[in-house]
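This is what each chain is made of:
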Amino acid sequence: MSYKILVINPGSTSTKIGVYEDETLLFEKTLRHSTDEIAQYASIVDQKDFRRNLILDILKENNFDINTLDVVVGRGGLLKPIPGGTYAVSDELLHDLVIGKQGEHASNLGGILAKEIGDAIHVPSYIVDPVVVDELEPAHRLSGIPELPRISIFHALNQKAVAKRYAKEHNVPYDSLRLIVVHMGGGVSVGAHKYGKVVDVNNTLDGEGPFSPERAGTVPAGGLIKMCFSGKYTEKEVYKKVVGNGGFNAYLHTNDMRDVTRMVFEDHNEEATLAFDAFIHQVCKDIGAMSTVLEGKVDQIILTGGIAYGQEVVDAITARTGFLAGITVYPGEDELLALAQGVLRVLTGEEQVMTY
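Since we're looking at a predicted model, the values are computed, not measured. (Residues numbered from 1 in each chain as written. Predicted model: local features only at pLDDT ≥ 70, side-chain atom pairs only at ≥ 80, totals over all residues. Heavy atoms only, no water.)

Trainee: How should the sheet that holds strand 5 (residues 86-88) be read in this particular structure?
Mentor: Sheet strands associate in pairs through backbone hydrogen bonding, adopting either a parallel or an antiparallel arrangement. Read from one edge to the other, the open sheet built from 6 strands follows the order 3-2-1-4-6-5, with strand pairing classed as mixed. The sheet terminates laterally at strand 3 (24-32) and strand 5, the two strands that pair on one side only. Along the sheet, successive strands turn relative to each other by an average axial angle of 20°, direction set aside. When strand 2 (residues 14-21) meets strand 3, the two strands line up antiparallel, connected through 8 bridges. Each residue of the ladder has a partner; that of K16, found in strand 3, is T30. (Pairing = 2+ DSSP bridges. Helix = DSSP H or I, 4+ residues; strand = E, 2+ residues; numbered from the N terminus. Axes fitted to C-alpha atoms, helices over the stretch in contact; angles between N-to-C directions.)

Listed below in structure tokens is the structure:
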């Protein structure tokens, strides 16, 4: 039996949708939302009807009968910390998306829209591996300050998807492997996958870990405290330095790694070369740290995310970490397919549905 799946992935200024028959994409569309359109709404949740109507209109324009769908799946949002997996959108899960359990983010709309569209045509709705997937081991939660526990917020959807892809391609169970997965995009997350669980990973949302195109990474705590109390910056301005204007944005005034590599390898810009080397150094250092989390028994290192398209980056990381394990590269992040695959694993009985 095949399944027709509607996939919904809301972003801050866009809504990506895809219709799949099993893992075969029938069509996809990215709906762009202007600043003026978004500004009409006081909150993320208030955008629900606007985005739902756009989705339904696109399906009609593509002559797709919505009643032929078997399931609807949406991007997971800022829920309470939960283990990885595919979750049915229950009333409790829906409630936490609506109130923004851990904050407002466009991804909260994924489950909300999936539930509303699914209920209207009497089919189930799900979310898959939201950013709040939390499988940290107890000792990995302690930061040194009891009031500031380490938090697991990262590129869970793509990290889990590529880890399971590697396992499938090598005919071994994901829960039998020890992997280090490095997602490199606007932010960088480095996760230690131990027997099917991400037992340690940096909090990418708040900029922890290596610096990246838009995030400062882990910075000196004392200096950050002094900056906060200097009187020169508001709380929002300091946070923006860490998340948004940090990393390559701060050093080179670009958040595009293609610009960085051009400046390094074509223009031979010294400042860009220094920043590039520092980025490679920090990513590799975190890979090394995660190898100790796995007690040195690393089956494979997986590089993924948009930056993994850059051969210069892949070569530089391989040169410094290849002694730890083999390296596999899955560039980009096909989130629509990852969501479809997540719900398929439940529908086909490969995985059990998770309860929120």
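Trainee: Got a minute to help me understand the side chain of K48 in this structure?
Mentor: Mapped onto the elements of the fold, K48 is located in helix 2 (residues 48-61). Of the residues examined, K48 reaches a relative accessible area of 18% and is grouped as buried. Within the structure, the side chain of K48 is placed 2.6 Å from the side chain of D49, a separation counted as a polar contact. Ignoring anything within four residues of it in the chain, the contact list for K48 reads L109, I112, L113 and E116. (Buried < 20%, exposed > 50% of the residue type's maximum accessible area, 1.4 Å probe, protein only. Polar contact = N/O pair within 3.5 Å; in protein donor to acceptor, adjacent residues only side chain to side chain. Contact = heavy atoms within 4.5 Å.)

Trainee: Looking at this model, I keep getting lost on unusual backbone geometry. Mind explaining?
Mentor: Apart from glycine, the bulk of residues carry a negative phi angle, and the bulk of peptide bonds sit in the trans form. Positive phi, normally seen in glycine, also occurs at D22, with a value near 55°. Tracing the backbone shows D22 in the loop between strand 2 and strand 3.

Trainee: Honestly, the packing of aromatic side chains in this entry has me stumped. Any pointers?
Mentor: Each aromatic ring pair is described using two quantities: the centre-to-centre distance and the angle formed by the ring planes. Inspection of the entire model under this criterion finds 7 aromatic pairs. Considering the side-chain rings of F211 and Y251, the 5.7 Å spacing of their centres and the 50° angle between planes classify their relative orientation as tilted. On the criterion of sequence distance, the pair formed by F211 in the loop between strand 9 (197-201) and helix 6 (221-228) and Y251 in helix 8 (residues 248-252) is long-range, its members being 40 residues apart. Overall, the relative accessible area of 4% leaves F211 in the buried class. A relative accessible area of 46% places Y251 in the partly exposed class. One Lys or Arg, K80, reaches over the ring of Y356 and ends 4.5 Å from the middle of that ring. (Phe/Tyr/Trp six-rings, centres within 6.5 Å; stacked < 30°, edge-to-face > 60°. Lys NZ or Arg CZ within 6 Å of the ring centre and 35° of its normal.)

Trainee: Explanation requested: the layout of surface pockets in the structure shown.
Mentor: It is the rolling of a water-molecule-sized probe over the atoms that shows where space remains empty. Approximately 1100 Å³ is the volume found for the largest pocket. Along the wall of the largest pocket there are 32 residues; nearest its centre are R75, H105, H155, E333 and E335. When residues of the lining of the largest pocket are traced back to their parent elements, those giving at least two are strand 1 (4-10), strand 2, strand 3, helix 5 (156-169) and helix 12 (335-347). Taken together, the residues of the lining of the largest pocket break down into 8 nonpolar, 16 polar and 8 charged. (1 Å grid on protein atoms, 1.4 Å probe; cavity = no way out; pocket = protein on both sides within 12 Å on 5 of 7 lines; lining within 4 Å. Points joined across faces, edges and corners; volume = space filled by probe spheres on them. Nonpolar A, V, L, I, M, F, W, Y, C, P; charged D, E, K, R; others polar.)

Trainee: I tried to follow the environment of V172 on my own but got confused; where do I start?
Mentor: Inspection of the secondary structure assignment puts V172 in the loop between helix 5 and strand 7 (178-184). In this structure V172 comes out as partly exposed when scored by relative accessible area, which is 31%. Excluding its chain neighbours within four sequence positions, the residues that come into contact with V172 are A167 and L177.

Trainee: What's the story with the sheet that holds strand 8 (residues 188-194) in this structure? I'm lost.
Mentor: Read across the sheet, 5 strands follow the order 9-8-7-10-11 without closing on themselves; strand pairing throughout is mixed. At either margin of the open sheet sits one strand with a lone partner, and together these are strand 9 and strand 11 (327-331). Adjacent strand axes in the sheet meet at a mean angle of 25°, parallel and antiparallel pairs treated alike. Direction of pairing for strand 7 relative to strand 8: antiparallel, over a ladder of 7 bridges. Note on strand 8: the bridge partner recorded for I180 is A192.

Trainee: I keep staring at the packing of helix 2 against helix 4 (residues 108-120) and nothing clicks. Help me out?
Mentor: Two quantities define a packed helix pair, namely the angle between the helix axes and the distance between the axes. Axis separation between helix 2 and helix 4 bottoms out at 11 Å; the angle between their running directions is 60°. Relative to helix 4, the element helix 2 is oriented oblique. Crossing of helix 2 against helix 4: the hand is right-handed. Contacts between helix 2 and helix 4 pair K48, D49, R51, R52 and I55 from the former with L109, I112, L113, E116 and I117 from the latter. (Parallel < 35°, antiparallel > 145°, perpendicular 65-115°, else oblique. Left-handed = near helix turned anticlockwise from the far one by under 90°.)

Trainee: Please explain the packing of helix 6 against helix 7 (residues 235-242) as it appears in this structure.
Mentor: One can describe the packing of helix 6 onto helix 7 by two numbers: an axis separation of 10 Å at closest approach and a directional angle of 150°. It follows from the interaxial angle that helix 6 and helix 7 lie roughly antiparallel. Mapping the contact onto sequence places L224, M227 and C228 in helix 6 and V238, K241 and V242 in helix 7. In the contact of helix 6 with helix 7, the residues fall into 5 nonpolar, no polar and 1 charged.

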